[in-house]
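Spelled out from the first residue to the last, the chains are:
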Amino acid sequence: MVRKKRGKSAGKVSQSLSQSVSVRSVPEVSVMVSRDSDLLVRARLHWQLGEWAELADLSFDKVDNDSARAEMAMLFAAALGQLGKAQQAQSWAQQALEWGADRTSVARVLISGTLNSLAKAHAVRADSVDEQTKALEHFNQSAQLGLGAHSVAGLVKARVQNQLQSIESQIDPRNALMARLSELLHLGSRELKTDLSTWRAHPLPDVALHYVWDEGRGIWLREAAQGFGYSDGDAVEERIFAAVQACDDVSLYSKDLLAHQTDWASTYHLTFDRVNVLRPFAQRLAGSSVLELGCGCGAITRYLGELGAKVMAVEGSVRRASIAASRCRDLDNVTVVSDKLQDVPFEATFDVVTLIGVLEYSRVYVEGLDPIQTVLAQARRYLKPGGILIVAIENQLGLKYFAGAPEDHGVGVMAGVNDAYREDTVVTFGHKELSGRLSQAGFAQVDTFLPFPDYKMPSLMLHPLALELDLPEWDLASLLRTVVSFERQPWQNHLFSLEQAWPLVARNGLLADLANSFVLVGHYAQSSALSDSNVLASYYSPKRTGEYSQQIEFCVAPESGELAVRRRSMADTRAMLAASTAQWEPYIAAVNHGDRIHQVVQRPKWALADLVAWARVWLNALRVQCVAPDDRALALGWQEYSEWLPGEFLDAVARNLLIKVNGEAVFIDLEWHERHALPLKLVVYRGLLISFASLTSIESPEDSALLDKATLIAQIMQAFGMVMTDVDYARFMPIIDGLARRAQGLPLAVHPIQKPYDSGKFKLRDVLSRTAVARSTLTLYWRTPEEGFNENNTVKRNYDLNGALIRFELALPNETLGINRLRLDIAGRTGCFFVRALRILDAAGSVLWDWGLELRRLSKIGQLEIAVMPGLNQACMVSTGNDPQFEMDLPEDLLPMLSGARVEIEFSALVV
């Protein structure tokens, strides 16, 4: 669709310009000689007419001499530069030089392309004789510089007609564009005299005006750029950088990168589950111009690039920007700039701007009276009139924080709930406050999406429709319970069951207020960020490779208003955009039997008989499906099993069993299957493993022996006459383990697992109301030269503030990490703490360091008043805030001995 300009339409401009060219004669094109291949002749013709896409689609199949190949490479570089494919253009320009083209000739062709863009820019504004004259002048210069012809009027007329047809989709018709193109032309002119190797095209001329290209890092930088120091640690990020550089496949679902996801930081920066936060907007993002503010190490950037978006990614950390550029090194539609967010000078506007995990750091890295509003206002300034801003951030009032989870940014347990943020720290907001801030920044509409368990690696995205409609037949509770166990940063001692609390929150309409994270979409004007507004929720298979991942959308059919389910494979980013890739199926309104396990284990003093009764319903539903073993099953030699299930029932676990109102049992989501029938015993064992592995906390059972998962599984199976033997484990474990490894892209075990998983103990719920005694958490932090204090390098212990003597031994890691500081956060609340001993012991129990109640041995004391009581051989520490802490001053010669050591503390605590 052609937008109106200030005077003439594009068609009238074309007619006016064409008529203003005096056609004296068709130029002699000396390059069209018989010795040249037809392919080269076609390439020259496409170049003359400015048919860039057609030129770029040609191949070298019939070009057999270096001279012709060099000329073709030059023309390819010009075409790709005009199409915005900067990296490919640079590569072809370099190839032309290697095949014998001289630098001046290559530079002429490339500058000719810049002149052509400049001509189109003037043509857009050709509502005056002066603008028409400038457009024709640049078209002439473009043709003459590239061909060296003396008479080019006919070529100019043809090129004008051809180029103006695509002006609307290629040129930003704002006044500032002329100046920017002129600057590019100036830069290009210098290339005729200097070195072509530094040339780099980009569809946004802003970049070359304000930044310099760093070939080694693959990013744009300000000269003498400083960046900022936000980091997960030098050693960690260097390891991630090395991994990305070493991998041949850096695509979204790269299996090469899976092997490097070994801890929280590397998983966060490399996993493909990160991009689920943007999947609901895939149709809007595909082909759009996107400004990603704070791109980190490029996980989101990679997804945007694979969608076909024209991405400008900005990152303050030079190293992280370099990692992001390397992650996107094969994507010409992605450009990475290293600069501070507040200093970005772009005049260009974009269809989409993103702030994914960025806004909360505004107070730390952005100057201004209100850095949050500064960032939001700046983001809106970069938007086109119909554009959207996507903000992903933690909720200050997230339900997991009330359940005892530490605040995600390391500022202390309950720091957000206690509103303990400072003016120079990270800050998050509740839903109402954050939505209000977007409205205050000028966004005409704000939509709320809720990611679960949070925005970092969501497996469930609730769409706005889910918050608007009340659909009793939709089992949202089951989805919410399922994703609780997908939390990637689990914590000890939940204060209550999140699996039980989330459905309660949903029933009372509080999801938007208590979700752990938000994804808020701010609209420049009233619009929709979605191609399909009938979607209630999107579910994504967690921790799987692309070939085993699927997207499940719960939708309301627009015609009938009935619920339906839409499935798509997630293996191909672009293919997911096609409607034909979706498979539809009816939604089954029923109760998920797997959820009923929570009703059992959340009751105090639950008994084995309660779980056996729960499991029997599932077992009976399985037995209805039993079949005679097939030939492949018989060939296994497992004749001692009397009950068999079809191979597709490997995934018939309790959470995939629905019980309808009429009592009918239906199994759903049977994704996995074996090529032979399966012993019922195998399916039952695997199903119990999965059911109990998904429990994040339970109440105390009647028999404490049942807290051991292996014991509990064995006793339930024994109740059904199934006793797992060593032979069973040797047969079943390779199937169970192999399935999990294939789904996660991990190599199969060299020696098949022949023993049961050590599934450990259940986590008991830690409920304050049960004892009426206040509780808190002691946290030991350690720091290295590469990493500051952070939540990954901690040991935590919970305790009661009841006056009882407490003794903790907090083990430091065995690895040689170069620990150089220790910090102790004695609590996450106010209180009175009587410390009798604080010392460091080696592995043999020898004392390496003893505080000895000497205040000079402590430093950076925060929110604590300390009084030594020599007569009682203890110190009284009274906290004045919710984050009391101190560091231990350790002698230099002690630091190398901290590996494998342990910190011992004896104290008692009372509520203040």
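Bear in mind that the values here come from a model prediction, so they are computed numbers and not experimental data. (Residues numbered from 1 in each chain as written. Predicted model: local features only at pLDDT ≥ 70, side-chain atom pairs only at ≥ 80, totals over all residues. Heavy atoms only, no water.)

Looking at the overall build of the chain
- Along the chain, the regular secondary structure elements total 32 helices and 30 strands.
- A burial count over the chain gives 55% of its 912 residues as buried.
- Looking at the chain alone, contacts between residues at least 24 apart form 70% of all its contacts between residues at least 6 apart.
- Here the chain displays about 38800 Å² of accessible surface, and carbon together with sulfur accounts for 50% of that area. (Helix = DSSP H or I, 4+ residues; strand = E, 2+ residues; numbered from the N terminus. Buried < 20%, exposed > 50% of the residue type's maximum accessible area, 1.4 Å probe, protein only. Contact = heavy atoms within 4.5 Å. Areas by Shrake-Rupley, 256 points an atom, 1.4 Å probe, with all protein chains shown as cover.)

What about the sheet that holds strand S26 (residues 858-862)?
- One open sheet accounts for five strands, arranged S21-S20-S23-S29-S26; its pairing is antiparallel. Because the sheet does not close on itself, it has two edges, and the strands there are strand S21 (794-800) and S26. Sheet twist, expressed as the average angle between the axes of neighbouring strands with direction ignored, equals 15°.
- As paired strands, strand S20 (residues 775-783) and S21 are joined by seven bridges and run antiparallel to one another. Within S21, the position partnered with Thr779 by the bridge is Lys796. (Pairing = 2+ DSSP bridges. Axes fitted to C-alpha atoms, helices over the stretch in contact; angles between N-to-C directions.)

With respect to helix H19 (residues 371-381)
- Taken together, the buried positions of H19 are occupied by Pro371, Ile372, Gln373, Val375, Leu376, Gln378 and Ala379.
- Turning to H19, the residues buried within the fold contact strand S6 (350-356), helix H18 (362-365), strand S7 (383-394) and helix H21 (431-440).

Quick word on the packing of aromatic side chains
- For the structure shown, the criterion picks out 22 aromatic pairs.
- A centroid spacing of 5.8 Å and a plane angle of 35° characterise the contact between Tyr641 and Phe732, whose relative ring orientation is tilted. Placement of Tyr641 in the loop between helix H28 (631-635) and strand S16 (644-645) and of Phe732 in helix H31 (residues 726-743) is noted, with a sequence separation of 91 residues between them. Each member of the pair, Tyr641 together with Phe732, is buried.
- Site record: aromatic cluster; members linked through ring pairs are Trp638, Tyr641, Trp644 and Phe732.
- Looking at Arg380, its charged tip hangs above the ring of Tyr524, at a distance of 4.2 Å from the centre.
- Above the ring of Phe789, the side-chain terminus of Arg823 is found at 5.3 Å from the ring centroid. (Phe/Tyr/Trp six-rings, centres within 6.5 Å; stacked < 30°, edge-to-face > 60°. Lys NZ or Arg CZ within 6 Å of the ring centre and 35° of its normal.)

A short note on the nonpolar core
- Core analysis: the biggest nonpolar cluster contains 72 residues, and Phe346, Leu355, Phe452, Leu462 and Trp474 have the highest contact counts within it.
- With five residues, helix H23 (residues 476-484) is the largest single contributor of residues to this core.
- Ranked by size, the runner-up nonpolar core spans 54 residues in total, among them Val601, Leu622, Leu707 and Ile713. (Core = buried A, V, L, I, M, F, W, Y, C linked by side-chain atoms within 4.5 Å.)

Examining the pairing of strand S30 (residues 902-910)
- Counting buried positions over the nine residues of S30 gives eight, a clear majority of the element.
- Sheet topology note: the strand S22 (residues 806-811)/S30 ladder contains six bridges and is antiparallel. For Phe808, the partnering residue across the bridge sits in S30 and is Ile905.
- Note: strand S24 (residues 832-841) against S30, nine bridges, orientation antiparallel. Of the residues in S30, the one forming a bridge with Val835 is Phe907.

Considering the sheet that holds strand S18 (residues 665-667)
- Across the sheet, which stays open at both edges, the three strands sit in the order S15-S17-S18 with antiparallel pairing between neighbours. Taken across any chain shown, the strands that pair with only one partner, and hence form the sheet edges, are strand S15 (591-592) and S18.

What about the pattern of salt bridges?
- Tallied over the full model, the rule gives 41 salt bridges.
- Of the charged contacts, one joins Glu547 and Lys255 as a salt bridge, the two residues approaching to 2.6 Å between their closest N and O atoms. Here Glu547, found in the loop between strand S11 (535-540) and strand S12 (550-556), pairs with Lys255, found in helix H13 (residues 255-258); they are 292 residues apart in sequence, far enough to count as distant.
- A relative accessible area of 48% means that Glu547 is categorised as partly exposed.
- The partly exposed category is assigned to Lys255, whose relative accessible area is 46%.
- Taking the shortest distance from any N to any O, the salt bridge between Arg567 and Asp669 comes out at 2.2 Å. Taken as a pair, Arg567 in strand S13 (residues 563-569) and Asp669 in the loop between S18 and strand S19 (678-679) lie far apart in primary sequence, 102 residues in all.
- Classification of Arg567 as buried rests on a relative accessible area of 13%.
- One salt-bridge network, held together by shared partners, links Glu394, Lys400, Asp408, Asp454, Lys456 and Glu487. (Salt bridge = Lys/Arg side-chain N within 4 Å of Asp/Glu carboxyl O.)

Let's talk about the environment of Arg44
- Mapping Arg44 onto the fold places it in helix H2 (residues 38-49).
- Taking the C-alpha atoms as reference points, Arg44 and Glu71, 27 residues apart in sequence, are found 9.2 Å from one another.

Observations regarding the pairing of strand S29 (residues 885-888)
- Covered by surrounding structure in S29 are Gln885 and Glu887 together with Phe886 and Met888, the residues of both alternating faces.
- Pairing geometry for strand S23 (residues 821-825) and S29, over three bridges, is antiparallel. By the bridge assignment for S29, Leu824 is matched with Phe886.
- Inspection of the sheet shows S26 paired to S29 by three bridges, in the antiparallel sense. Within the sheet, the bridge partner assigned to Leu858 lies in S29 and is Met888.

With respect to the packing of helix H27 (residues 608-623) against helix H29 (residues 680-693)
- Where H27 meets H29, the axes come as close as 11 Å, and the angle between the chain directions of the two elements is 135°. On the basis of their axis angle, the class for H27 and H29 is oblique. Where H27 crosses over H29, the handedness of that crossing is right-handed. Of the residues in H29, those touching H27 at Leu611, Trp614, Trp618, Leu619, Leu622 and Arg623 are Leu680, Val683, Val684, Gly687, Leu688, Ser691 and Phe692.
- A per-class count over the contact of H27 with H29 returns ten nonpolar, two polar and one charged. (Parallel < 35°, antiparallel > 145°, perpendicular 65-115°, else oblique. Left-handed = near helix turned anticlockwise from the far one by under 90°. Nonpolar A, V, L, I, M, F, W, Y, C, P; charged D, E, K, R; others polar.)

A word on the confidence of the model for the chain
- Looking at the chain, pLDDT values average 83 and 83% of them are 70 or higher.
- Here residues 168-203 is modelled with pLDDT under 50, and outside its nearest four sequence neighbours on either side it reaches 78 contacts, counting other chains as well. (pLDDT = per-residue confidence, 0-100.)

Brief notes about the side chain of Lys681
- When you line up the elements, Lys681 lands in helix H29.
- A relative accessible area of 15% means that Lys681 is categorised as buried.
- Separated by 2.6 Å, the side chain of Lys681 and the backbone oxygen of Val723 make a polar contact. (Polar contact = N/O pair within 3.5 Å; in protein donor to acceptor, adjacent residues only side chain to side chain.)

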